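# Geometric and topological summary
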Amino acid sequence: MSSFLETYGVAIFTLVLVAILIAFAGPLWIKIKNATTDKVCQTEQIGKDEITVATGGTVEPAEAVDKVYCIYYDDGETTISQNEIEPEAGRTVVKKGFYERPSDCASEMTTARFVGAVKPKNCEYWFLLCKKLTEIKNIQNLYTNECTNMGSMFCNCENLISLDVSGFDTSKVTKMSFMFSSCRNLTSLDVNGFNTGNVTAMKSMFYGCQNLISLDLSGWNTEKVTTMRSMFHTCTNLTSLDVSGWNTGNVTSMFDMFACCQKLTNLNINGLDTSKVESMYQMFYGCQNLISLDLSKWNTGNAAYMSEMFNKCSSLTSLDLSGWNTSKVESMNSMFAGCNNLKSITASQTVKDKILNTESNTNVPSSVTWIIK
């Protein structure tokens, strides 16, 4: 036996070892292969993320959040991120944490910067009263497709010079009241691409945007909007405004809507549906460069308040009110005060009598010629 082992022992040992290797080689190879593949995939993803960041893009977060993470530095900048991040090296942090809106962290910020993709559920009051804010960086990283409220989002950002919101997805937004109110240094704003199909409130949306020169809103769907009160009030440098395609069938208030738009020379608004509008108080107050207004197709059957409607429209020479119904109007006080160049008013005999015989003083210039239709 000993002689057999001496002769064949090495060969037998080799055969056993080979058998063991064959038995385990398959599973081992699969594990090695899978581990290698996973590592390669991770490396590829890291590379993709680095390329995305390098080119200025971001990957949309899977979930929208109630709060965002803000870091306010002593140089005036506030960073905004979806998740908690480490403060940047060499910078002094004044305040940090999760907030419903960045303005809660630091309304005194001078710049805001989005770090990575941010997807909020609500943008209401986000930069409210950030009067020192001059720039918002990486705003393209803000995903607004789950946002339902943008009311007062940039309200009183009076030192903001430029703002690119052209990429905003507003398809779920229902509130836009005061959104850009008192952004007095904005000279341009591209919002014609906004999806406004679900918006119900636009009160004071552009109020006090004193340096806006033109606004093209012709593509907006306004069929659900109920209030446009003071929407363009004190847009004193606005020379061009296109709202001709709007469906305003559910609007009940146009109070102050175009008041103090001093540089507007014409308005194509005869096609607006005013059938549910109750208040037209001071609607064109102080539009001192409007020359003529054709409002002949307006349905004013529910209008109750028309006081000061055309007050201080000092360049207005003609008005066509021929389709009006003023049976429910309660107030016309100073309706035509300051209309010193008004030469003619076209209206029905009933409307003329209402205007001239109302208990309120409508201040119709004595030189006006009435064209009865």
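Use the structure listed above.
Residues numbered from 1 in each chain as written. Predicted model: local features only at pLDDT ≥ 70, side-chain atom pairs only at ≥ 80, totals over all residues. Heavy atoms only, no water.

Moving on, we get to the overall build of the protein. Within the protein, the secondary structure is distributed over 3 helices and 11 strands. Going from N to C terminus, the protein has its helices and strands arranged as α-β-β-β-α-β-β-β-β-β-β-β-α-β. Of all 373 residues assigned to the protein, the portion counted as buried reaches 46%. Counting only carbon and sulfur atoms, one obtains 51% of the accessible surface of the protein, whose full area is about 17,900 Å². (Helix = DSSP H or I, 4+ residues; strand = E, 2+ residues; numbered from the N terminus. Buried < 20%, exposed > 50% of the residue type's maximum accessible area, 1.4 Å probe, protein only. Areas by Shrake-Rupley, 256 points an atom, 1.4 Å probe, with all protein chains shown as cover.)

All right, on to the environment of C261 then. For C261, the position within the fold is in the loop between strand 7 (240-242) and strand 8 (292-294). Taking relative accessible area as the criterion, C261 reaches 0% and is therefore assigned buried. Linking C261 and T234, residues 27 residues apart in sequence, is a C-alpha distance of 5.6 Å. The residues contacting C261, other than those within four sequence positions of it, are F232, C235, G286 and C287. (Contact = heavy atoms within 4.5 Å.)

Burial analysis of strand 1 (residues 68-73) places 6 of its 6 residues in the buried class, the great majority of the element. Of the two faces of strand 1, the one carrying V68, C70 and Y72 and the one carrying Y69, I71 and Y73 are both buried. Relative to strand 3 (residues 93-99), strand 1 runs antiparallel, the two being bridged by 6 bridges. Bridging across to strand 3, I71 finds its partner in K96. Hairpin connection between strand 1 and strand 2 (residues 77-81): a loop of 3 residues separates the two successive antiparallel strands, and G76 in this loop has a positive phi of roughly 100°. (Pairing = 2+ DSSP bridges.)

Along the chain, the position of S230 falls in the loop between strand 6 (214-216) and strand 7. In this structure S230 touches S204, Y207, F255, D256 and M257, once residues within four positions along its chain are discounted.

One non-glycine residue with positive phi stands out, namely Y125, at about 65°. Position of Y125 relative to the elements: it lies in the loop between strand 4 (111-114) and strand 5 (135-137). We classify Y125 as partly exposed; its relative accessible area is 30%. Phi is positive for C260, close to 65°, though the residue is something other than glycine. Structurally, the position occupied by C260 is in the loop between strand 7 and strand 8. Of the residues examined, C260 reaches a relative accessible area of 17% and is grouped as buried.

Another point: the environment of V199. You can see V199 is positioned in the loop between strand 5 and strand 6. Distance in space between the C-alpha atoms of V199 and T148 is 9.1 Å, their sequence separation being 51 residues. Beyond its immediate stretch of four places on either side in the chain, V199 contacts V173, T174, M176, K224 and V225.

One pass over the full model with this rule turns up 19 aromatic pairs. Between F232 and F258, the ring centres sit 5.7 Å apart and the planes meet at 5°, which makes this aromatic pair stacked. In this pair, F232 sits in the loop between strand 6 and strand 7 while F258 sits in the loop between strand 7 and strand 8, placing the two residues 26 residues apart along the sequence. In this pair, the class of F232 matches that of F258, namely buried. When the ring of F284 is compared with that of F310, the centres are 5.6 Å apart and the planes differ by 0°; the resulting orientation is stacked. Here F284 is found in the loop between strand 7 and strand 8, whereas its partner F310 is found in the loop between strand 8 and strand 9 (318-320), with 26 residues between them in sequence. Judged by relative accessible area, F284 falls into the buried class, the value being 0%. Take F310: its relative accessible area is 0%, and that puts it in the buried class. Positioned above the aromatic ring of Y73, the side-chain terminus of R91 is 3.8 Å from the ring centre. (Phe/Tyr/Trp six-rings, centres within 6.5 Å; stacked < 30°, edge-to-face > 60°. Lys NZ or Arg CZ within 6 Å of the ring centre and 35° of its normal.)

Take the sheet that holds strand 8 next. Where strands meet in a sheet, backbone hydrogen bonds hold them as pairs that are either parallel or antiparallel. The strand order across the open sheet formed by 4 strands is 8-9-10-11, and the pairing between neighbours is parallel. The open sheet has two edge strands, strand 8 and strand 11 (369-372), and neither has a second partner. With strand direction ignored, the average angle separating the axes of adjacent strands in the sheet is 10°. Judged from the 3 bridges that link them, strand 8 and strand 9 form a sheet pairing that is parallel. Across the sheet, the residue bridging to S292 is S318, located in strand 9. Where helix 3 (residues 349-357) meets the sheet, its contacts fall on strand 10 (344-347) and strand 11, and the angle it forms with strand 11 comes to roughly 145°. (Axes fitted to C-alpha atoms, helices over the stretch in contact; angles between N-to-C directions.)

The next subject is the sheet that holds strand 5. Strand order in the open sheet formed by 5 strands is 3-1-2-4-5, and the pairing between neighbours is mixed. Two strands bound the open sheet, and with one partner strand each, they are strand 3 and strand 5. The sheet shows a mean angle of 15° between the axes of neighbouring strands, taken without regard to direction. Inspection of the sheet shows strand 2 paired to strand 4 by 4 bridges, in the parallel sense. Within strand 4, the residue paired with I80 across the bridge is F114.

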